[in-house]
Structure formats: C-alpha cells, structure tokens
Amino acid sequence: MRVTKFEHAALSVEKEGKTLVIDPGSFTLPLESVQNVVAVVLTHEHPDHWTADHLDRLLSSFPGIPIYGPEGLARAAAGYDIVVVHAGDTVTVEPFTLRFFGGTHNVIHETIPVVDNVGVLVDGEFYYPGDSYAVPKGADVTLLAAPLGAPWLKIGEAMDFVLAVAPRRAFGTHDMTLSVIGRGMHRARLTWAVEQGGGEFLVLEPGDSAET
C-alpha cells in the first residue's frame with residue numbers, strides 16, 4: 001500500500017491499482033495525478049480539509065464514488081451525497097477496509113465550537129487522525145500521518161500522540177501553517193517521539209510517497 005502526501009492535509013492511498021483520497025482542502029493544489037479513485041474520506045468540515053472545487057473535480061473524473069465523513073461534514077457539504085460515518089464504524093470499499101476513530105475535533109479555543117472529526121485507519125496499517133489526537137486503540141500502526149502544525153496543536157501534545165500510537169514509521173502532515181524553520185523544528189520533535197518506540201520518522205514533501 002502506497003501513501004502519498006500532498007499539500008497540507010491531503011493524502012492518497014493506493015492499493016491494487018485503486019486509490020483512496022483523504023482531505024483535499026483549500027491549501028491543497030488540484031490532485032491531477034490521482035488515478036482510479038474509488039472513494040474519498042473527509043475527516044471534518046473545516047475548509048483546509050475539503051472544498052467543493054476538489055470534490056467537483058474528483059466526481060467529474062470518477063463519477064459515483066462514495067464520500068465518507070462525519071455528520072458535521074455532511075451538513076457543511078449539503079449539496080453532496082455524503083455517507084455519514086461515526087467513531088467505531090467499519091466500511092469496506094474495495095480494496096480498502098476503513099475503520100473510524102475519535103469523533104470530535106481537537107479544541108482550538110473555548111469560544112470556537114468543537115466540530116465532528118473522525119480519524120481513519122486504512123487496512124489496519126495506515127492511520128490519519130484528522131484534526132485530533134484520537135488513538136486507534138488495538139491497532140498495530142505501520143505508518144502514521146501525524147499533524148505537525150495547527151491552531152489547535154501544541155507540539156508536546158503531538159509528541160504524546162505519536163508516543164501513544166507507537167507506529168513503526170511516521171511522517172508529518174497538516175503543515176502549511178508552519179514556516180520552513182517551524183516545520184523542521186516540529187519534525188525533529190516527532191522524530192524523537194517515534195524513535196522512542198523503535199520507529200522511524202520520514203520527511204515527506206508534497207508528492208512524496210511511503211509504503212506501508
């Protein structure tokens with residue numbers, strides 16, 4: 001299974017010639033390179049994780065593909081046929097099996113409403129939490145996409161999240177709000193965290209891929 005990082009929070013997962021797209025949002029360039037898309041997962045409703053333009057392009061190229069997301073996303077994207085998923089749900093969309101975790105976005109500030117958010121575990125191997133520190137309990141995570149920077153993110157908490165998941169390998173995502181210096185600093189902190197469990201941190205730039 002190959003996971004490709006795009007700008008900010010957007011990812012694709014490829015297996016057996018099929019592709020799953022995750023969280024193409026407002027900080028992400030059009031995903032012109034993806035092929036044979038069978039589904040889209042949107043972890044939550046914030047625009048840096050989904051836009052109508054991205055969905056329209058994907059649906060134009062791959063008509064009828066399902067779009068999975070939590071209830072809040074379904075309300076925000078009311079013009080689209082969203083398949084609502086909750087924490088604890090398991091969905092099969094060949095050749096992928098998706099398990100969902102969490103349920104809520106991490107707190108930004110007490111004055112800002114907390115929205116629905118689901119993390120997604122793909123085939124029991126690759127995990128992406130969306131905008132949360134939801135740990136996929138019981139999973140042996142081969143590859144983790146760990147958020148690097150956000151209005152809700154404190155690097156010490158991100159380190160604790162990586163320590164809790166204890167993946168074999170990890171890379172940083174959700175990083176377009178950081179400067180080059182800040183990105184490097186946060187990567188170094190998560191490198192330490194993943195190495196505590198004997199894992200490896202991968203530095204992926206947009207367009208780079210890693211195998212599970």
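Residues numbered from 1 in each chain as written. Predicted model: local features only at pLDDT ≥ 70, side-chain atom pairs only at ≥ 80, totals over all residues. Heavy atoms only, no water.

- In the annotation of an unreviewed UniProt entry, the entry for the protein chain reads MBL fold metallo-hydrolase, and the organism field reads Microbacterium ulmi.

Regarding the UniProt feature "domain: Metallo-beta-lactamase" (unreviewed entry) in the protein chain
Here's step 1: Under the UniProt annotation, "domain: Metallo-beta-lactamase" (unreviewed entry) lies at residues 7-174.
Here's step 2: Its end C-alpha atoms 8 Å apart, residues 7-174 is made of 16% helix and 32% strand. (UniProt positions renumbered as here; feature names shortened; annotations may be inferred. Helix = DSSP H or I, 4+ residues; strand = E, 2+ residues; numbered from the N terminus.)

Some details on the pattern of salt bridges
Here's step 1: Within this structure, the stated rule accounts for six salt bridges.
Here's step 2: Measuring nitrogen to oxygen at the nearest pair gives 2.9 Å for the salt bridge that ties E211 to R2. Taken together, the positions of E211 in strand β14 (residues 209-211) and R2 in strand β1 (residues 2-5) put the pair 209 residues apart, joining distant regions of the chain.
Here's step 3: D140 is the partner of R168 in a salt bridge, and the nearest nitrogen-oxygen pair spans 2.6 Å. Within this pair, whereas R168 is found in the loop between α3 (155-165) and β12 (169-173), its partner D140 is found in the loop between β10 (126-128) and β11 (143-147), the two being separated by 28 residues in sequence.
Here's step 4: For R168, a relative accessible area of 48% gives the class partly exposed.
Here's step 5: D140 gets classed as partly exposed once you look at its relative accessible area, which sits at 45%. (Salt bridge = Lys/Arg side-chain N within 4 Å of Asp/Glu carboxyl O. Buried < 20%, exposed > 50% of the residue type's maximum accessible area, 1.4 Å probe, protein only.)

A word on the sheet that holds β11
Here's step 1: Ordered in space as β7-β8-β9-β10-β11-β12-β13, the seven strands form an open sheet in which the pairing is mixed. The open sheet has two edge strands, β7 (90-93) and β13 (200-202), and neither has a second partner. Going across the sheet, the axis of each strand differs from the next one's by a mean of 25 degrees, ignoring polarity.
Here's step 2: Judged from the seven bridges that link them, strand β8 (residues 96-104) and strand β9 (residues 116-122) form a sheet pairing that is antiparallel. Paired with G103 across the strands is N117, a residue of β9.
Here's step 3: Contacts from α3 reach β10 and β11 within the one sheet, and its direction differs from that of β11 by about 165 degrees.
Here's step 4: In this fold helix α4 (residues 180-195) packs onto β11, β12 and β13, with an angle of close to 150 degrees to the strand it touches most, β13. (Pairing = 2+ DSSP bridges. Axes fitted to C-alpha atoms, helices over the stretch in contact; angles between N-to-C directions. Contact = heavy atoms within 4.5 Å.)

What to know about α4
Here's step 1: For α4, built from 16 residues, the straight-helix expectation of 22 Å at 1.5 Å per residue is met to within 8% by its first-to-last C-alpha distance of 22 Å.
Here's step 2: Where α4 is concerned, the buried positions are G182, R183, H186, R187, L190, A193 and V194. All buried residues of α4 project into a common sector of 130 degrees when viewed along the axis, lining one side.
Here's step 3: Tucked inside the fold, the buried residues of α4 contact β11, α3, β12 and β13. (Expected span 1.5 Å × (residues − 1). Arc of directions from axis to C-beta.)

What about unusual backbone geometry?
Here's step 1: A cis geometry characterises the amide bond from E94 onward to P95, with omega recorded as 5 degrees.
Here's step 2: When you line up the elements, P95 lands in the loop between β7 and β8.
Here's step 3: Here the phi dihedral of E16 falls at roughly 55 degrees; this positive angle occurs in a residue that is not glycine.
Here's step 4: By the secondary structure assignment, E16 is in the loop between β2 (11-15) and β3 (18-22).
Here's step 5: Take E16: its relative accessible area is 65%, and that puts it in the exposed class.

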